[in-house]
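For reference, the chains in residue letters:
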Amino acid sequence: MLHLVPALASETDTTELPRCKGCNAEIRPHRTTEADFPGTSASWGNNQCRLCDYEACGKDPADRFISVERVGYLSSIRAGIESDRQRRGIPAEGSLAGRIPITEFLAQIS
Ligand SMILES: [Zn+2]
């Protein structure tokens, strides 16, 4: 799968970006930043920006804290994922199988 690189993303016409179903803010593509698409919001799932997603779930958008219990739960999920990766022989730093560095990709299309 080809991912959008920032140099290409900034050239993309932003008038066709999807909009948040809650506040109508433009939602930038995944794996891009606000620097790539100034004035846009990150996708937070369900066709919403973070603020609208938080409000839809009854959460305070200004509350950026996580409960200690949730940290433990998420840590156990992460440990399970890492254990599975080790069992499949994937090195801790990840695998480059089937991938090339972005710099190599850019050199190929220049
Ligand atoms: Zn929104």
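A quick note: this is a predicted structure, and the numbers were derived from the prediction, not measured.

Q: Outline the packing of aromatic side chains, supporting the account with residue identities and numerical values.
A: According to the stated counting rule, one finds 1 aromatic pair in the structure shown. Here R50 stacks its cationic end above the ring of Y54, 4.9 Å away from the centre of that ring. One residue, K59, lies across the ring of Y54, its end atom 5.4 Å from the ring centre.

Q: Kindly report on the environment of A42, identifying the contributing residues and their values.
A: Here A42 is to be found in the loop between helix 1 (6-9) and helix 2 (50-56). With a relative accessible area of 29%, A42 lands in the partly exposed category. Residues A42 and C20, 22 residues apart in the sequence, show an inter-C-alpha distance of 9.6 Å.

Q: Help me get a handle on the environment of P18, residues and values and all.
A: Along the chain, the position of P18 falls in the loop between helix 1 and helix 2. The exposure class of P18 is partly exposed, given its relative accessible area of 48%. Ignoring anything within four residues of it in the chain, the contact list for P18 reads A25, E26 and I27.

Q: Summarise the side chain of Q48; cite the residues concerned and give the values.
A: Looking at the element boundaries, Q48 is found in the loop between helix 1 and helix 2. Here the side chain of Q48 touches D53 through a polar contact of 3.4 Å, side chain to side chain. Setting aside residues up to four positions removed in sequence, Q48 forms contacts with C20, K21, I27, A42, S43, D53 and A56.

Q: So, the side chain of D36: which residues are in play, and what are the values?
A: The topology assignment puts D36 in the loop between helix 1 and helix 2. Buried and unpaired, D36 has R28 as its nearest opposite-charge partner, separated by 6.8 Å. There is a polar contact of 2.8 Å between the side chain of D36 and the backbone nitrogen of T33.

Q: Just give me the short version of the coordination of the zinc ion, but keep the residues and values in it.
A: Around the zinc ion, the donor atoms from the protein are C20 (SG), C23 (SG), C49 (SG) and C52 (SG), and they sit 2.3 to 2.4 Å away. Each of the 4 donor atoms around the zinc ion contributes to a set of angles spanning 103 to 117°, which defines the coordination as tetrahedral. Each donor residue of the zinc ion lies on the same chain, and together they follow the pattern C-x2-C-x25-C-x2-C. Here C23 is found in the loop between helix 1 and helix 2, whereas its partner C49 is found in the loop between helix 1 and helix 2, with 26 residues between them in sequence.

Q: Run through the nonpolar core, naming residues and quoting values.
A: Formed by C20, A25, I27, C49 and C52, the largest nonpolar core amounts to 5 residues. Look past the residues within four positions of I27 in its chain and what remains in contact with it is L17, P18, R19, C20, S41, A42, S43, Q48 and C49.

Q: Which residues make up the pattern of salt bridges, and what values go with them?
A: Scanning the entire structure with this criterion turns up 5 salt bridges. Between E82 and R85 there is a salt bridge, with its nearest N and O atoms 3.8 Å apart. One end of the pair is E82 and the other is R85, both in helix 3 (residues 68-87) and 3 residues apart, which spans about a single turn. In this structure, the salt-bridge partner of R87 is D84, at a minimum N-O distance of 2.6 Å. Residue R87 and its partner D84 are both found in helix 3; the two are separated by 3 residues, about one turn of the helix. Take R87: its relative accessible area is 64%, and that puts it in the exposed class. Linked through salt bridges whose partners overlap, the residues forming this network are R78, E82 and R85.

Quick notes on the rules
- Residues numbered from 1 in each chain as written.
- Predicted model: local features only at pLDDT ≥ 70, side-chain atom pairs only at ≥ 80, totals over all residues.
- Heavy atoms only, no water.
- Phe/Tyr/Trp six-rings, centres within 6.5 Å; stacked < 30°, edge-to-face > 60°.
- Lys NZ or Arg CZ within 6 Å of the ring centre and 35° of its normal.
- Helix = DSSP H or I, 4+ residues; strand = E, 2+ residues; numbered from the N terminus.
- Buried < 20%, exposed > 50% of the residue type's maximum accessible area, 1.4 Å probe, protein only.
- Contact = heavy atoms within 4.5 Å.
- Polar contact = N/O pair within 3.5 Å; in protein donor to acceptor, adjacent residues only side chain to side chain.
- Lys, Arg positive; Asp, Glu negative; His and termini not counted.
- Salt bridge = Lys/Arg side-chain N within 4 Å of Asp/Glu carboxyl O.
- Donors = N, O, S within 2.8 Å, 3.2 Å for Na, K, Ca; no water.
- Tetrahedral: all angles 85-135°; square planar, octahedral: opposite > 155°, others 65-115°.
- Core = buried A, V, L, I, M, F, W, Y, C linked by side-chain atoms within 4.5 Å.

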